[in-house]
Amino acid sequence: MTWKAPDVERPGGPTTGPERVLLQAVLDWHRSTLLWKCAGLTGGQLALASVPPSNVSLLGIVRHMADVERAWFRMQFAGEQIDFPFGRDFQAEFEQADPARAAADYARLTEEIKHADAAAANASLDDTFTHDGEVMSLRLIYLHMIEEYARHLGHADLLREQIDGATGE
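All values derive from a computational prediction rather than experimental measurement.

Reading the values: rules and limits
- Residues numbered from 1 in each chain as written.
- Predicted model: local features only at pLDDT ≥ 70, side-chain atom pairs only at ≥ 80, totals over all residues.
- Heavy atoms only, no water.
- Helix = DSSP H or I, 4+ residues; strand = E, 2+ residues; numbered from the N terminus.
- Buried < 20%, exposed > 50% of the residue type's maximum accessible area, 1.4 Å probe, protein only.
- Pairing = 2+ DSSP bridges.
- Polar contact = N/O pair within 3.5 Å; in protein donor to acceptor, adjacent residues only side chain to side chain.
- Contact = heavy atoms within 4.5 Å.
- Core = buried A, V, L, I, M, F, W, Y, C linked by side-chain atoms within 4.5 Å.
- Expected span 1.5 Å × (residues − 1).
- Bend = angle between axes of the 7 residues up to and from the residue.
- Axes fitted to C-alpha atoms, helices over the stretch in contact; angles between N-to-C directions.
- Parallel < 35°, antiparallel > 145°, perpendicular 65-115°, else oblique.
- Left-handed = near helix turned anticlockwise from the far one by under 90°.
- Nonpolar A, V, L, I, M, F, W, Y, C, P; charged D, E, K, R; others polar.
- Arc of directions from axis to C-beta.

### Quick notes on unusual backbone geometry
Then comes step 1: A positive phi angle, close to 50°, is found at Asp 132, a residue other than glycine.
Then comes step 2: Along the polypeptide, Asp 132 turns up in the loop between strand E1 (128-131) and strand E2 (134-137).
Then comes step 3: In this structure Asp 132 comes out as exposed when scored by relative accessible area, which is 73%.

This is the structure in C-alpha cells:
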C-alpha cells in the first residue's frame, strides 16, 4: 500500500487573550495548514517540484520546516547540542526530497513541532538567547516562525493546486 499524508484538522484557536496564547494559536494554525495542504497526497506527489528551475516541493517545504523548527526553538533558544536533521547543506532540504522517505520526513516535522513546543513551554516570551552576537527573544522566534510558515504556505497553495487542483486557505 502506498503511503499518503494523513488528514489534518486545523485548530480554530482563540481570537482574543494573552499574547503568548495568541502567538501559539497562530503558529499552530500555520503548522497544521502546511500539513493540511499535504493531506491525501502520496510521497511522489509531495516530491513534485514546482516550475523549473525551482526545486521547491511540498515535501521540500516539510523538510525545511522541520529544520527551521529544530534550529530556532531547540538549537538556538534551548541551546540543545543537536545536529541539523539534513546536515548543513540547506539546499538538501529541497534537492534531496525523496518520495520513498516522505512518511519519515512528514513524521520528523510533526515530532520537531512537539519538541519545539516543549523547548518553549516553560519560558517567557521575554527570555533571550544570543544568535550571531545579537540578543534575541522567544517572542521574536514566534514572530519569525509565523512569517516563515506564512511565506511557505503561499508556495504550498500553488504546489497543491498544480498537483490536483485543490485550493483553499
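### Description of the pairing of E2
Then comes step 1: One ladder, built from four bridges, connects E1 with E2; its direction is antiparallel. Paired with Thr 128 across the bridge in E2 is Ser 137.

### As for the side chain of Arg 160
Then comes step 1: Summarising the element assignment, Arg 160 is placed in helix H6 (residues 138-164).
Then comes step 2: Here Arg 160 falls in the buried class, since its relative accessible area comes to 11%.
Then comes step 3: Of note is the side chain of Arg 160, whose polar atom sits 2.7 Å from the backbone oxygen of Lys 37.
Then comes step 4: Looking at Arg 160, its side chain comes within polar contact range of the main-chain oxygen of Ala 39, at 2.9 Å.
Then comes step 5: Not counting chain neighbours up to four residues away, the residues in contact with Arg 160 comprise Trp 36, Lys 37, Cys 38, Ala 39, Leu 41, Leu 58, Gly 165 and Ala 166.

### Side note on the nonpolar core
Then comes step 1: One finds Leu 34, Phe 73, Leu 109, Leu 138 and Met 145 to be the most contacted residues of the largest nonpolar core, which totals 41 residues.
Then comes step 2: Of all the secondary structure elements, the ones that give two or more residues to this core are helix H1 (19-38), helix H3 (58-77), helix H5 (102-120) and H6.
Then comes step 3: The leading source of residues in this core is H3, at 10 residues.
Then comes step 4: If sequence neighbours within four positions are ignored, Phe 73 has contacts with Leu 27, Arg 31, Ala 78, Ala 116, Ala 119, Ala 120, Leu 138, Ile 141, Tyr 142 and Met 145.

### Overview of the side chain of Thr 33
Then comes step 1: Within the secondary structure, Thr 33 is located in helix H1.
Then comes step 2: Its relative accessible area of 2% is what places Thr 33 among the buried residues.
Then comes step 3: Among the polar contacts listed, one links the side chain of Thr 33 to the side chain of Arg 10, at a separation of 3.2 Å.
Then comes step 4: There is a polar contact of 2.8 Å between the side chain of Thr 33 and the backbone oxygen of Trp 29.

### Focus on H3
Then comes step 1: With 20 residues, H3 ought to run about 28 Å at 1.5 Å a step, and its terminal C-alpha atoms sit 27 Å apart, in line with that.
Then comes step 2: Of all the bends in H3, the largest measures some 35° and sits at Ala 71.
Then comes step 3: Counted residue by residue, H3 has 19 buried out of 20 residues, so it is predominantly covered.
Then comes step 4: Immediately beyond the C-terminal end of H3, within one or two residues, lies Gly 79, with a positive phi of roughly 70°.

### Looking at the packing of H1 against H6
Then comes step 1: At their nearest, the axes of H1 and H6 sit 9 Å apart, and the two run at 25° to each other. Regarding the angle of H1 to H6, the classification is roughly parallel. For the crossing formed where H1 meets H6, the hand is left-handed.
Then comes step 2: Its residues assigned to classes, the contact of H1 with H6 comprises 15 nonpolar, three polar and seven charged.

### As for H5
Owing to its 3.6 residues per turn, the α-helix aligns residues three or four sequence positions apart on the same side.
Then comes step 1: Between its first and last C-alpha atoms H5 spans 27 Å; for 19 residues at 1.5 Å apiece the expected length is 27 Å, and the two agree.
Then comes step 2: The complete set of buried residues in H5 reads Ala 102, Asp 105, Tyr 106, Leu 109, Glu 112, Ile 113, Ala 116, Ala 119 and Ala 120. Seen end-on, H5 carries its buried residues on one side only, within an arc spanning 145°. Every exposed residue of H5 that faces more than 90 degrees away from the buried side is listed here: Lys 114 and Ala 118.
Then comes step 3: For H5, the secondary structure elements touched by its buried residues are H1, helix H2 (43-46), H3 and H6.

Everything listed is a geometric property; what it means functionally is a separate question.
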